[in-house]
Amino acid sequence: NAGVTQTPKFQVLKTGQSMTLQCAQDMNHEYMSWYRQDPGMGLRLIHYSVGAGITDQGEVPNGYNVSRSTTEDFPLRLLSAAPSQTSVYFCASSGQPNQPQHFGDGTRLSIL
Amino acid sequence: DQQVKQNSPSLSVQEGRISILNCDYTNSMFDYFLWYKKYPAEGPTFLISISSIKDKNEDGRFTVFLNKSAKHLSLHIVPSQPGDSAVYFCAATDAGNQFYFGTGTSLTVIP
């Protein structure tokens, strides 16, 4: 039972590059979300999805895009990476929005 | 502005004693609260939750207390064990689709 799988675990980008952080879950969860964790800031919600084809913005959505074409996958795209996006990114899922979430182990992203 | 606050970045406790982690919130619409535990290089894992219709919820060594009038919740761990050493996050939601997390408290349990 893999749970929530995030790839890659580590990534270094140059300013202006684009990339996609992958997130997949095998629990048939409807609700998926992306957070970033920064020192002294806790986890902040970037985007979330309540089901395939439905996405919405969280607290800090600027500079990120998401899509949800299947129940299992919820990729996060950085369109033009900036040093301010250096962070640890966590993907999470739950059966319903108001339930405890299962988290992946994170992607540590550095932007130079 | 941070809607969920954990004002103690760190806490050290002797093994066997009680650990008390605190969390304050500002949004009176929050009605469901959770605690997560996080080890280094891993994602947070759910620990315990409480609905606003209760003031206490217990699960083994872990108890969460909610004081709605003070907008305050706390997590008690009794007895504390070295394996409890981790970062603890509180989180809250208002029955919407978004959770708001605190900044975390790093607990060290000293053997």
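Quantities reported herein were computed from a predicted structural model and do not represent experimental measurements. (Residues numbered from 1 in each chain as written. Chains lettered and ligands numbered in written order. Predicted model: local features only at pLDDT ≥ 70, side-chain atom pairs only at ≥ 80, totals over all residues. Heavy atoms only, no water.)

A. Layout of the interface of chain B and chain A. Contact with chain B, which involves 21 residues of that partner, is made by 22 residues of chain A. Between chain B and chain A the total buried area reaches about 1700 Å² when both faces are included, carbon and sulfur atoms providing 57% of it. Together, B:Asn97, B:Phe99 and B:Phe101 form the three largest contributors to the area buried by chain B at its contact with chain A, with a combined 33%. Run the count over chain B and chain A and you get zero salt bridges. Joining chain B to chain A, the criterion identifies three residue pairs in polar contact (both at pLDDT 80 or more). Going through the elements one at a time, β4 (32-38), β9 (86-93) and β10 (99-101) of chain B are the ones with two or more residues in the side of chain B that touches chain A. (Contact = heavy atoms within 4.5 Å. Buried area = accessible area lost by both parts, 1.4 Å probe. Salt bridge = Lys/Arg side-chain N within 4 Å of Asp/Glu carboxyl O. Polar contact = N/O pair within 3.5 Å; in protein donor to acceptor, adjacent residues only side chain to side chain. Helix = DSSP H or I, 4+ residues; strand = E, 2+ residues; numbered from the N terminus.)

B. Main features of the state of the cysteines. Scanning all chains against the criterion turns up two disulfides over all chains. Disulfide partner of A:Cys23: A:Cys91, at an S-S distance of 1.9 Å. As the torsion about the S-S bond is roughly -70°, the A:Cys23-A:Cys91 disulfide counts as left-handed. Of the two residues, A:Cys23 sits in strand β3 (residues 19-25) while A:Cys91 sits in strand β9 (residues 87-94), which places them 68 residues apart along the sequence. The exposure class of A:Cys23 is buried, given its relative accessible area of 1%. Covalent S-S linkage joins B:Cys23 and B:Cys90, the inter-sulfur distance amounting to 1.9 Å. Residues B:Cys23 and B:Cys90 are joined by a disulfide whose S-S torsion is about 65°; by sign, that bridge is right-handed. In this pair, B:Cys23 is assigned in strand β3 (residues 19-25) and B:Cys90 in strand β9, connecting sequence segments 67 residues apart. Taken as a pair, B:Cys23 and B:Cys90 share a single burial class, namely buried. (Disulfide = S-S within 2.5 Å. Buried < 20%, exposed > 50% of the residue type's maximum accessible area, 1.4 Å probe, protein only.)

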